[in-house]
Amino acid sequence: MGVDPTRAFVARVYDYLLGGKDNFDVDRHEAERITAAMPEVSDVAWENRNFLTRVCRFLANNTEVRQFLDCGSGLPTAENVHQVVQRIHPEAKVVYVDYDPVVAAHGRALLEENGNTKFVQADIFEPESILDNPEVRESLDWSQPIALLFVAALHHHKGDRGRPAEVTKQFIDRLPPGSFVVISHVIDPDDGSEYDETLRATLEVIRRGSMRDITSRTKTEIRELFHELEIIPSSAGGESDVVAVADWWPDGPRYTKPTIAQQIIAGAVARKV
């Protein structure tokens, strides 16, 4: 399947918001539409990407994990998983998964010369298509710890609200002990605040566009995606719970007030004992 330049795709819109070049006019137009509703939307993309970077550094430096399965990855550009972890451990294995055939084809081309990194086309909401995929099975050693990442991915599910938790359970059940699960997700504060109203307005703009729908979840609902896993502390002396991704082990103290956009994505990292 060739690239369709007439329809915006989440991965390319995200790439544009991160300052990347792998996008088209339709993607830039879609990003500008969303920006009109939430001028700080690029902050959301950057905070989520910075969260991913910090998590990958933590996993590569402070755990025994040398294998990473990134589900719903989008394009592997702009300081993504393999760039972070292989800088620390060149032998680290990374498998990216995305349902979009265009993104998958482009991803394979970008990673063609990286023997320790693969890109697989599969649907994260059909776990068997990944867990039983021969390329995934051959690329990763399922007897050794794996970092499973659902970064800004699960909120793209449309349909049964309970399905994402069923999906994560299937993956978690197959992970070996010592593995980690990383999730970030659009949060719904469900409190009628300005933050709540801004989020709902932004989601409505997205729904009127050509990208996939987005479903927000409360902090409790996001926590349920981890099931019984041990959520690690979010900072030195911090709570072991879901937090705004901007507050997960930040690079230093914050001297500016967090924007509304920076509080819209929440996440956590959990360990399978």
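Located above this text is the structure these notes cover.
Residues numbered from 1 in each chain as written. Predicted model: local features only at pLDDT ≥ 70, side-chain atom pairs only at ≥ 80, totals over all residues. Heavy atoms only, no water.

### As for the packing of helix α3 (residues 41-62) against helix α4 (residues 81-88)
Working step 1: The interhelical angle for the contact between α3 and α4, taken along N-to-C directions, is 30°, at an axis separation of 9 Å. Compared by their axis directions, α3 and α4 come out roughly parallel. Crossing angle aside, the handedness with which α3 passes α4 is right-handed. On the side of α3, the interface is formed by L52, T53, C56, R57, A60 and N61, while α4 contributes V81, V84, V85 and I88.
Working step 2: Split by residue class, the contact of α3 with α4 holds seven nonpolar, two polar and one charged. (Axes fitted to C-alpha atoms, helices over the stretch in contact; angles between N-to-C directions. Helix = DSSP H or I, 4+ residues; strand = E, 2+ residues; numbered from the N terminus. Parallel < 35°, antiparallel > 145°, perpendicular 65-115°, else oblique. Left-handed = near helix turned anticlockwise from the far one by under 90°. Contact = heavy atoms within 4.5 Å. Nonpolar A, V, L, I, M, F, W, Y, C, P; charged D, E, K, R; others polar.)

### Focus on the packing of helix α2 (residues 25-37) against helix α9 (residues 194-207)
Working step 1: Where α2 contacts α9, the two axes come as close as 9 Å, and the packing angle between them is 155°. Comparing their axes, α9 and α2 come out roughly antiparallel. α2 and α9 meet at a crossing whose hand is right-handed. Together, E30, R33, I34 and A37 of α2 and T202, V205 and I206 of α9 make up the contact between the two elements.

### Some words on the environment of D15
Working step 1: Among the structural elements, D15 can be located in helix α1 (residues 10-17).
Working step 2: For D15, a relative accessible area of 3% gives the class buried.
Working step 3: Spatially, the C-alpha atoms of D15 and A31 are 10.0 Å apart, while their sequence positions differ by 16 residues. (Buried < 20%, exposed > 50% of the residue type's maximum accessible area, 1.4 Å probe, protein only.)

### Here we look at the nonpolar core
Generally speaking, nonpolar side chains in soluble globular proteins are found buried as a group.
Working step 1: Formed by 85 residues in total, the largest nonpolar core has its most connected members in F68, L69, V81, I124, I130, L149 and F171.
Working step 2: Ranked by residues supplied to this core, first place goes to α3 with nine residues.
Working step 3: For I130, the contacting residues outside a window of four places in its chain are L69, C71, V97, A122, D123, I124, V136 and F171. (Core = buried A, V, L, I, M, F, W, Y, C linked by side-chain atoms within 4.5 Å.)

### Re the pairing of strand β4 (residues 147-151)
Working step 1: The element β4 is largely enclosed, with a buried count of five among its five residues.
Working step 2: Both faces of β4 are covered, namely the face carrying A147, L149 and V151 and the face carrying L148 and F150.
Working step 3: Pairing geometry for strand β1 (residues 67-71) and β4, over three bridges, is parallel. From the neighbouring strand, F68 faces β4, where its bridge partner is A147.
Working step 4: Where β4 and strand β5 (residues 180-186) come together, five bridges link them in parallel fashion. Bridge pairing in β5 links L148 to V181. (Pairing = 2+ DSSP bridges.)

### A few points about the pattern of salt bridges
Working step 1: One pass over the full model with this rule turns up twelve salt bridges.
Working step 2: E221 is the salt-bridge partner of R161, the closest N and O atoms lying 3.1 Å from each other. One end of the pair, R161, is in the loop between β4 and α8 (163-174); the other, E221, is in helix α10 (residues 219-224), and 60 residues separate them in sequence.
Working step 3: By relative accessible area, R161 is classed as partly exposed at 40%.
Working step 4: On the basis of relative accessible area, E221 is assigned to the partly exposed category, the value being 23%.
Working step 5: The partner of K169 in a salt bridge is D173, and the shortest N-O contact between them spans 2.9 Å. Remark: D173 and K169 occur in helix α8; sequence separation between them is four residues, near one turn of the helix. (Salt bridge = Lys/Arg side-chain N within 4 Å of Asp/Glu carboxyl O.)

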